Amino acid sequence: MILYITPCCREKSDAPGDIPALERYLSRRIRAVHQHAARAGAEFRIFSGMFGLLRAEDSLPYYDKRLEPTEVPAMVELLAKQLAELDPEKVLYFAPGPDGDPGGVPYRDSIARACKRAGVELLQPPPPALDCS
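The shown structure was predicted, so the numbers you read here are calculated from the model rather than taken from an experiment. (Residues numbered from 1 in each chain as written. Predicted model: local features only at pLDDT ≥ 70, side-chain atom pairs only at ≥ 80, totals over all residues. Heavy atoms only, no water.)

Undergrad: Looking at this structure, I do not really get the overall build of the chain. What am I missing?
TA: Of the regular secondary structure elements, the chain holds four helices and seven strands. Taken from the N to the C terminus, the helices and strands of the chain come in the order β-β-α-α-β-β-β-α-β-α-β. Considering only residue pairs separated by 6 or more positions, the chain has 70% of its internal contacts joining residues 24 or more positions apart. By element, 52% of the accessible surface of the chain is carried by carbon and sulfur atoms, the whole surface being about 7,000 Å². (Helix = DSSP H or I, 4+ residues; strand = E, 2+ residues; numbered from the N terminus. Contact = heavy atoms within 4.5 Å. Areas by Shrake-Rupley, 256 points an atom, 1.4 Å probe, with all protein chains shown as cover.)

Undergrad: Would you explain the pattern of salt bridges in this entry?
TA: Any two side chains of opposite charge can pair, so long as their charged atoms come close to each other. As enumerated under the stated definition, the model contains five salt bridges in all. Put simply, R55 and E57 hold a salt bridge, and the shortest N to O gap is 3.4 Å. Under the relative-accessibility criterion, R55 is labelled partly exposed at 37%. A salt bridge links D58 to R55; its shortest N-O distance comes to 2.6 Å. Using a relative accessible area of 17% as the deciding quantity, one classes D58 as buried. (Salt bridge = Lys/Arg side-chain N within 4 Å of Asp/Glu carboxyl O. Buried < 20%, exposed > 50% of the residue type's maximum accessible area, 1.4 Å probe, protein only.)

Undergrad: Mind showing me how you'd approach unusual backbone geometry here?
TA: Keep in mind that most residues, glycine aside, have a negative phi and that most peptide bonds are trans. Look at D87: it is not a glycine, yet its phi comes out positive at around 55 degrees. Relative to the assigned elements, D87 resides in the loop between α3 (72-86) and β6 (90-93).

Undergrad: Would you explain the sheet that holds strand β4 (residues 52-54) in this entry?
TA: The pairing of strands in a sheet happens through backbone hydrogen bonds and is either parallel or antiparallel. The strand order β4-β3-β1-β6-β7 describes an open sheet built from five strands, whose pairing is mixed. Strand pairing shows two members of the sheet lacking a second neighbour, β4 and β7 (121-123), which therefore form its edges. Ignoring which end each strand starts from, the neighbouring axes of this sheet average 30 degrees apart. As paired elements, β6 and β7 share three bridges and run parallel to each other. Of the residues in β7, the one forming a bridge with L92 is L123. (Pairing = 2+ DSSP bridges. Axes fitted to C-alpha atoms, helices over the stretch in contact; angles between N-to-C directions.)

Undergrad: Teacher, can you tell me more about the nonpolar core here?
TA: Note on soluble globular proteins: their nonpolar side chains tend to be buried together. Residues I5, Y25, F47 and L83 are the most contacted members of the largest nonpolar core, which totals 37 residues. When contributions to this core are tallied by element, the ones reaching two or more residues are β1 (2-7), α1 (21-24), α2 (28-40), β3 (43-48), β4, α3, β6 and α4 (105-118). In terms of residue count, α3 provides more of this core than any other element does, six residues in total. Residues within four places of L83 in sequence aside, it is in contact with L3, I5, L53, P88, V91, A114, C115 and A118. (Core = buried A, V, L, I, M, F, W, Y, C linked by side-chain atoms within 4.5 Å.)

This is the structure we're talking about:
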């Protein structure tokens, strides 16, 4: 199984209560990767700096928290566990480049270290046909 992962985003719906992740996160990139995964027959997850890997339909509350560098070791543990449960052959990680998201370094570091720990091949960057801005 191929697993497409994309990080969460700052822009979120402020709808009350728990709503599906795909509705909570207001990002063209997330929607594009979700559609791309569906067309490719791949699994899809959103990498939340608070919750780890989320399915599009997983419900979550509104939150405003970004993954901090000091939290990377704990996040690597969580992601490695989640990846071991999913057991993908490879991960395609779709994220804006450092110029588009300088705060994304803890996310990129976490996913890279977790894939290495889980023994999963990590492919970056995404295919050029997919706009990840």
